[in-house]
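Given next are the chains, with one letter for each unit.
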Amino acid sequence: MDLSLPIEQLKSVGPRNLPRLAKLGIKSVKDLLWHFPVRYEDYSRVIPISEIEPGQKVNIQGEVLKINNRMIFPKRMSITSALVGDETGAVKVVWFNQSFIANSLREGTLVSLAGKANLDKHGLYLSSPTYEKINDIEFKNYNLTHTGGLIPVYPDTEGVTSKYLRFLIKPILKDLDVADPLPEKIISKHKLPSLKDAVYKIHYPSNNEEVQQAKERLAFDDLLLFQLKA
C-alpha cells in the first residue's frame with residue numbers, strides 16, 4: 001500500500017470521520033501508521049470465569065448463553081445484558097446504549113471479552129467490555145485485534161476511538177511493505193529491527209521487549225533525521 005495514499009481512500013473511512021481524523025493529524029496512510037499508541041492494555045492471559053475478581057481487568061472467552069435489551073425510562077437509556085459462560089462458570093455482561101450488540105452476539109455465539117469486572121448488590125459483572133467473535137474457545141489470543149495480547153491504546157478524539165483506530169490500522173499492517181532508509185550495516189551494528197518490524201510491533205507487540213525495541217528503532221530514525229537536517 002502506498003503510504004502517501006489519502007486517508008479518505010480507505011474503504012472504512014467515511015466523510016464524517018475525515019475531520020475527526022484530521023484533528024489527530026491523520027490525513028494519509030503514513031499518518032495513520034505513525035499515530036503510535038500511548039500505552040497498552042495487557043490482555044495476554046485468558047482467565048477462567050471462575051477466577052474473575054472485582055476491580056480486575058480481565059480477558060475471558062466463552063459462549064453467549066443469554067442476551068437481551070431493555071429500556072430505562074425516563075432516561076431513555078438502553079441496557080444490553082448478557083450471560084457468558086465457560087466450563088468453569090458464567091458471568092453477567094452489561095453494555096449501555098449499544099442495543100445493536102444483541103443482534104451481533106446471539107445466543108450460542110463464541111466471544112472473547114476484555115474489560116473491567118465490577119461488583120454490586122446483584123453480583124459480579126463486566127461493564128461495557130470490548131468484544132470479538134471467535135470460532136473456537138481454544139482460539140485464545142491469536143490474531144485478536146481488541147481483546148487478546150497487548151492491546152494498543154491511542155491518542156483519540158470525539159468520534160475516533162482506539163477501537164476504531166485499531167480497526168483501521170491492523171488490516172494495513174498485515175500487508176505492509178515499507179522501504180527501509182537505514183543501511184543494513186547500521187541496523188546490524190545497533191541491533192535494530194527493520195522499519196517494517198518496528199512499525200508492526202509498535203502497534204501489535206507480543207511482549208514489552210518488542211515494544212522497547214520498536215521504540216528504540218523509531219527514536220533512532222527521528223534522531224538521525226534531526227542530525228541530518230542540522
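Residues numbered from 1 in each chain as written. Predicted model: local features only at pLDDT ≥ 70, side-chain atom pairs only at ≥ 80, totals over all residues. Heavy atoms only, no water.

(A) Local environment of the pairing of strand 3 (residues 77-86). In terms of residue burial, strand 3 counts as a mostly covered element, since eight of its ten residues are buried. Pairing of strand 2 (residues 57-72) with strand 3, which is carried by nine bridges, proceeds in the antiparallel orientation. Along strand 3, the bridge assignment pairs Val64 with Val84. Between strand 2 and strand 3, which pair antiparallel and follow one another directly, the connecting turn spans four residues, one of which, Arg76, has a positive phi of 55 degrees. What sits between strand 3 and strand 4 (residues 89-96) in their antiparallel hairpin is a turn of two residues. (Buried < 20%, exposed > 50% of the residue type's maximum accessible area, 1.4 Å probe, protein only. Helix = DSSP H or I, 4+ residues; strand = E, 2+ residues; numbered from the N terminus. Pairing = 2+ DSSP bridges.)

(B) Geometry of the packing of aromatic side chains. Going through the model one piece at a time under the given rule, you end up with two aromatic pairs. When the centroid spacing of 6.3 Å and the interplanar angle of 40 degrees are considered together, the rings of Trp34 and Phe36 count as tilted. Given a relative accessible area of 30%, Trp34 falls into the partly exposed group. Relative to Tyr131, the ring of Trp95 has its centre 5.9 Å away and its plane inclined at 75 degrees; by these criteria the two rings are edge-to-face. (Phe/Tyr/Trp six-rings, centres within 6.5 Å; stacked < 30°, edge-to-face > 60°.)

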